[in-house]
Amino acid sequence: MRSKARFIGAVEIGTSKVAVLIGEMVRDGSVNLIGFGECQSHGVIKGLVTDFKAASDATHSALLAAEQSASVKIDEVYLAQTGGHLDGFYNQASVSVSAADNKVSQVDIETACRLAKSKALPEGRTVVHHIRRPFQLDGKMVGPNPDHLHGERLDVGYWTVHGLESAIANSLHVVRGFNVLVGDIILSSLASGTMMTTPQDRQHGALVIDIGAGTTDYVFYQDGSPHLTGIVPVGGGHLTNDLTLGLRVTEGQAEKLKIRHGRALVHTREKSDKVWLNGDFAIGDRQFPRQAIELITEARVRELFEVVKKKLGPDFGPEACAAGVFLTGGTAKLPAIADAATKVFGIPAQLGELPPGMDEKLNRPQHATVLGLLHFGLQNRGGANEEAGRRRPRGFIHKLFAGS
Amino acid sequence: MSNDTPQSPKARSWRDIPQEIAPRRMSSVGRRRLNMGFVRTAAMVVTVGAMGWGGFEIWQTLQQDPQRLTAGNESRPVETINLQSNGVLDDAWLQETLALAPQTGLMELDLYALRTRLTASGQVRTAVLVREFPATLNVTLEERSPVVRMNAKLDGPDTRTFLVAQDGTVYHGEGYGPQLVRSLPWLGGVRLSREGSGFVPIEGIAQLADLLATARGAMPDRFATWRVVSLERLSADGQILVQSAQVPEIIFGVREDFYSQIARLDLILEETSRRTTVPLHSIDLSVGASQVPVAFNQIAPSFP
């Protein structure tokens, strides 16, 4: 049975951890999760590979752990991409319907799409995603396929996500060093957003914010598809850093205080309420005002959400985001963070939940991206492969080596 | 925007970034996976090559000398023949019967023909022949046991002694000691019919064998004097006639168990020898337990 299956690895090389999930893709298109590996990340800062060897060692350890837990060899990898180098823009194209009877043809659609995607990028930048927004026919929104509809002008727009070619090449080569091909690169926010929201949420409008250790990825859905995406190079690590500076403690102690006593909204009113650093009454253990910790974390979280809100721009508003804000990622475990988001965005916010029936080990917000990679990657497999098939060698010998 | 707009250059995609990397830039795990890929490819090439070469060889042989594919002349000659038997047949008989030509290959042996040759003698009930590579033939025999003996002419004018087994098979016994053959009673009152190179099996021998086995067990001394047994009246009257050294005619009935009849015979012989010296002429044990007709002679019987 297994010989007919294909084993896809979802890899997220994050600032704090590298996570690998292996999915067994069976012939009917469904995926069984069969292996998981995780390793502390090294050589990655704010989603960028800064030390190739350290990043490779960490990534390969996680890949190996996942392969050993699944007892299979990975055939192909879907790689999550994040980092401050990623940016996006919107480009729209219009074509006059060519047929005399004003019936939209496939040629019209392809022409519009090609033109909308053809905007040149600055030197050294490369496209990661072209996310299509709904077609418009004579200014009215139509379905995903306007073929055979009647109208005079066909409009289509793409949200193009692009990044530094060198940064993306580094991520690719880290994985390629394990001698496995990267089948697709997927924006982290798109991966986690797919897992956190339902199609109905996306149709009504939803904002998903994935707060990692080094970066915060967000995706804003409208009309059922991603409207815009973005990355803020600020994450949970910055909360720790602020605590380190504010309380004059080491990074490890600050991380411990953040996890134990940090809050996204100040709850403590008594300044005299203090907490122990370690709580073991050993030499060096000391007390800190709880309110001070909460004030520092609240300020940084509020600032983070305000930056996101600012980057979302005028397209975002309460009426365009009826489903609300969904928070995920490791830092989303900070108490009262949903209330803080509600306060900033002015719409209901909640902690995102993974679909029911998930393995207990995986059912954590920090695994949303790696789970979403498999889900999103397989959903978009048809289109991606169509493009990939033209560019990537897929011969027998090539697959033989790639799969080894 | 019109459809006539010239095609814009497509934006560079991440898929244009070459993924190939030099093995020295791979981690040790990656290099191991790459090497395993090479090994697997090499193994596949060797396997495919071997299969192709094998196929070519077979095809070539089929074209040039198809006999080579089926002939067993490449196998080693038979060096050892192991015999396992529950009877008296020995290696010499086996060698003579099999009559294998010198340097006969093990794979050349026609085991079915050899088995037929072994069972043709009649003395062998079943024969199992097994090749044991590289050069051994294992033969396991199950032999028939003789119950009585008889004289008959098979081929030629001379009368020969044959043995009769429990299933009625008449065969020329091989390897039996003279003492054993002499201890067997003669069989009379049957007509032999030819079948192939032998005779049709005789009916009723199973009952006779039962009688003889019972007598041999119950009164071995008196049984030793039994000379001739006859099945002359078996089919008509259900009687078996025995001629012994003391009594010219002892009649056993097949409808009553032989042990009771032999017990009565022993009693009668005992009583008569104690009470009279007049020789007995006949004892009829087939009538039943309530009465046993006994006839006396005035003169002592004479036997061949």
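Cut-offs applied
Residues numbered from 1 in each chain as written. Chains lettered and ligands numbered in written order. Predicted model: local features only at pLDDT ≥ 70, side-chain atom pairs only at ≥ 80, totals over all residues. Heavy atoms only, no water. Axes fitted to C-alpha atoms, helices over the stretch in contact; angles between N-to-C directions. Helix = DSSP H or I, 4+ residues; strand = E, 2+ residues; numbered from the N terminus. Parallel < 35°, antiparallel > 145°, perpendicular 65-115°, else oblique. Left-handed = near helix turned anticlockwise from the far one by under 90°. Contact = heavy atoms within 4.5 Å. Nonpolar A, V, L, I, M, F, W, Y, C, P; charged D, E, K, R; others polar. Pairing = 2+ DSSP bridges. Expected span 1.5 Å × (residues − 1). Buried < 20%, exposed > 50% of the residue type's maximum accessible area, 1.4 Å probe, protein only. Patch = residues over 30% accessible without salt bridge, like charges linked within 9 Å, V, L, I, M, F, W, Y side chains within 5 Å. Areas by Shrake-Rupley, 256 points an atom, 1.4 Å probe, with all protein chains shown as cover. Salt bridge = Lys/Arg side-chain N within 4 Å of Asp/Glu carboxyl O. pLDDT = per-residue confidence, 0-100. Core = buried A, V, L, I, M, F, W, Y, C linked by side-chain atoms within 4.5 Å. Domains from an automatic or database assignment. Phe/Tyr/Trp six-rings, centres within 6.5 Å; stacked < 30°, edge-to-face > 60°.

A.B. asks: Looking at this structure, how should I read the packing of helix 6 (residues 236-247) of chain A against helix 7 (residues 251-261) of chain A?
C.D. replies: Two numbers describe a pair of packed helices, the interaxial angle and the distance between the axes. All names here are of chain A. The geometry of helix 6 relative to helix 7 is characterised by a closest axis approach of 8 Å and an angle of 110 degrees between their N-to-C directions. With respect to helix 7, the element helix 6 is oriented roughly perpendicular. At the point where helix 6 passes helix 7, the crossing takes the right-handed sense. Of helix 7, the residues touching helix 6 (which contributes Gly236, Leu239, Thr240, Leu243, Thr244 and Leu247) are Glu251, Ala254, Glu255, Leu257 and Lys258. A class-by-class count of the residues in the contact of helix 6 with helix 7 yields 5 nonpolar, 3 polar and 3 charged.

A.B. asks: I'm lost on the sheet that holds strand 1 (residues 80-85) of chain B in this one. Help?
C.D. replies: The strands that make up a sheet pair up through hydrogen bonds in the backbone, lying either parallel or antiparallel. Residues and elements named next belong to chain B. Ordered by their spatial adjacency, 3 strands build an open sheet running 1-3-2, and the pairing between neighbours is mixed. Two strands lie at the open edges of the sheet, namely strand 1 and strand 2 (124-132), each paired on one side alone. When strand polarity is set aside, the average angle formed by the axes of neighbouring strands in this sheet is 15 degrees. Direction of pairing for strand 1 relative to strand 3 (residues 136-143): parallel, over a ladder of 6 bridges.

A.B. asks: Can you walk me through the pairing of strand 5 (residues 160-165) of chain B in this structure?
C.D. replies: Side-chain direction in a regular strand flips from residue to residue, so the side chains alternate between the two faces of the sheet. Residues and elements named next belong to chain B. Where strand 4 (residues 146-152) and strand 5 come together, 6 bridges link them in antiparallel fashion. In the sheet register, Met150 faces strand 5, and the bridge partner there is Phe162. Where strand 5 meets strand 6 (residues 170-171), 2 bridges bridge the pair, whose relative direction is antiparallel. By the bridge assignment for strand 6, Leu163 is matched with Tyr171. Connecting strand 5 to the next strand, strand 6, in antiparallel fashion are 4 residues, including Gly168 with a positive phi near 90 degrees.

A.B. asks: Before we go on, may I ask you to explain helix 6 (residues 205-218) of chain B in this structure?
C.D. replies: Turn by turn, an α-helix covers 3.6 residues, leaving residues three or four places apart pointing in a common direction. With 14 residues, helix 6 of chain B should cover 20 Å at 1.5 Å per step; its first-to-last C-alpha distance of 20 Å lies within 8% of that length. Within the span of helix 6 of chain B, buried status applies to B:Ile205, B:Leu208, B:Ala209, B:Leu211, B:Leu212, B:Thr214 and B:Ala215.

A.B. asks: Teacher, can you tell me more about the side chain of A:His60 here?
C.D. replies: Within the fold, A:His60 resides in helix 1 (residues 52-70). Note on A:His60: relative accessible area 4%, which makes it buried. Leave out the neighbours within four places in its chain, and A:His60 touches A:Val174, A:Val175, A:Gly177, A:Phe178 and B:Ser27.

A.B. asks: Explain a nonpolar patch on the surface to me, please; I cannot follow it from the model alone.
C.D. replies: Residue and element names in this part refer to chain B. A surface patch of nonpolar side chains, amounting to about 200 Å² of accessible area, comprises Val278, Val294 and Phe296. Along the chain, the position of Val294 falls in strand 14 (residues 294-296). Residue classification places Val294 among the partly exposed residues on the basis of a relative accessible area of 30%.

A.B. asks: Help me understand the confidence of the model for chain B, please; the structure alone is not making it clear to me.
C.D. replies: Low-confidence regions, as indicated by low pLDDT, have predicted coordinates that should not be scrutinised in detail. Residues and elements named next belong to chain B. This prediction gives chain B a mean pLDDT of 85; 91% of its residues lie at or above 70. In the model of chain B, helix 2 (residues 67-70) stands out as the element of lowest mean pLDDT, 68, in contrast to strand 3, which has the highest, 93. Here residues 1-8 is a poorly scored stretch, pLDDT under 50, and it has 13 contacts once near neighbours within four places are set aside; other chains count. For this predicted complex, the interface confidence comes out at an ipTM of 0.76, alongside a pTM of 0.60.

A.B. asks: Which parts of the structure should I look at to understand the confidence of the model for chain A?
C.D. replies: Residues and elements named next belong to chain A. On average, residues of chain A score 86 in pLDDT, and 92% of them reach the 70 mark or higher. Taken element by element, chain A is modelled with least confidence in helix 12 (residues 396-403), mean pLDDT 40, and with most confidence in helix 9 (residues 337-345), mean pLDDT 95. Long-range and interchain partners of residues 382-404, a stretch whose pLDDT sits below 50, account for 47 contacts in this model, where long-range means more than four residues apart.

A.B. asks: Would you take a moment to explain the environment of A:Ser192 for this structure?
C.D. replies: Residue and element names in this part refer to chain A. When you line up the elements, Ser192 lands in helix 4 (residues 188-196). What makes Ser192 buried here is its relative accessible area of 0%. Considering only alpha carbons, one finds Ser192 and Leu371, 179 residues apart in sequence, at a separation of 7.4 Å.

A.B. asks: Which parts of the structure should I look at to understand the sheet that holds strand 3 (residues 31-40) of chain A?
C.D. replies: Residues and elements named next belong to chain A. Here 5 strands make up an open sheet; going across it, the order is 3-2-1-6-12 and the pairing mixed. Edge positions in the sheet fall to strand 3 and strand 12 (181-187), since each of these pairs with one other strand and no more. Adjacent strand axes in the sheet meet at a mean angle of 20 degrees when their direction is disregarded. Bridge analysis of strand 1 (residues 6-13) against strand 6 (residues 76-81) gives 4 bridges, and the strand direction is parallel.

A.B. asks: Looking at this model, I keep getting lost on unusual backbone geometry. Mind explaining?
C.D. replies: With the exception of glycine, the majority of residues adopt a negative phi angle, and the majority of peptide bonds are in the trans configuration. B:Pro134 follows B:Phe133 through a cis peptide bond whose omega is 15 degrees. Inspection of the secondary structure puts B:Pro134 in the loop between strand 2 and strand 3. Even without being a glycine, A:Asp138 presents a positive backbone phi close to 55 degrees. Secondary-structure assignment places A:Asp138 in the loop between strand 9 (136-137) and strand 10 (140-141).

A.B. asks: Which parts of the structure should I look at to understand the side chain of B:Thr104?
C.D. replies: Residue and element names in this part refer to chain B. By secondary structure assignment, the location of Thr104 is in the loop between helix 3 (91-98) and helix 4 (111-119). Residue classification places Thr104 among the buried residues on the basis of a relative accessible area of 16%. Residues within four places of Thr104 in sequence aside, it is in contact with Arg76, Pro77, Val78 and Leu109.

A.B. asks: Mind showing me how you'd approach the environment of A:Ala70 here?
C.D. replies: Residue and element names in this part refer to chain A. Locating Ala70 in the fold gives a position in helix 1. Its relative accessible area of 5% is what places Ala70 among the buried residues. Placed 63 residues apart in sequence, Ala70 and Phe7 show a C-alpha to C-alpha distance of 9.7 Å.

A.B. asks: Explain the nonpolar core here, please?
C.D. replies: Soluble globular proteins tend to pack their nonpolar side chains together in the buried interior. Within the largest apolar cluster, 100 residues are counted, with the highest numbers of intra-cluster contacts made by A:Leu207, A:Ile209, A:Phe305, A:Leu312, A:Leu327 and A:Phe345. No other element matches the 7 residues that helix 10 (residues 368-379) of chain A contributes to this core. The two domains that each donate at least three residues to this core are domain 1 (87-161) and domain 2 (236-298) of chain A. B:Leu187, B:Ala215, B:Val242 and B:Leu265 belong to the second largest nonpolar core, which has 36 residues in total.

A.B. asks: Could you clarify how one ought to interpret the packing of helix 3 of chain B against helix 4 of chain B in this entry?
C.D. replies: Residue and element names in this part refer to chain B. Relative orientation of the contacting elements helix 3 and helix 4 amounts to 120 degrees, with a least axis distance of 9 Å. In terms of orientation, helix 3 and helix 4 fall into the oblique class. Considering how the two elements wind past one another, helix 3 and helix 4 form a crossing that is right-handed. Residues Trp93, Leu94, Thr97 and Leu98 of helix 3 pack against Leu114, Arg117 and Leu118 of helix 4. When the residues that make up the contact of helix 3 with helix 4 are grouped by side-chain class, the tally is 5 nonpolar, 1 polar and 1 charged.

A.B. asks: What should I look at first to understand the packing of aromatic side chains in this one?
C.D. replies: The geometry of an aromatic ring pair is captured by the separation of the ring centres together with the interplanar angle, meaning the angle of the planes. This model, assessed by the stated rule, comprises 7 aromatic pairs over all chains. A ring pair is formed by A:Phe316 and A:Phe345, whose centres lie 5.7 Å apart and whose planes are at 80 degrees; its orientation type is edge-to-face. One end of the pair, A:Phe316, is in the loop between helix 8 (290-312) and strand 18 (324-328); the other, A:Phe345, is in helix 9, with 29 residues separating them in the sequence. By relative accessible area, which is 10% here, A:Phe316 ends up buried. Overall, the relative accessible area of 3% leaves A:Phe345 in the buried class. Ring centres of B:Trp226 and B:Phe252 lie 5.6 Å apart, and the angle between their planes is 45 degrees; on these two criteria the pair is classed as tilted. Highlighted residues: B:Trp226 in strand 10 (residues 226-230) and B:Phe252 in strand 12 (residues 249-253), separated in sequence by 26 residues.

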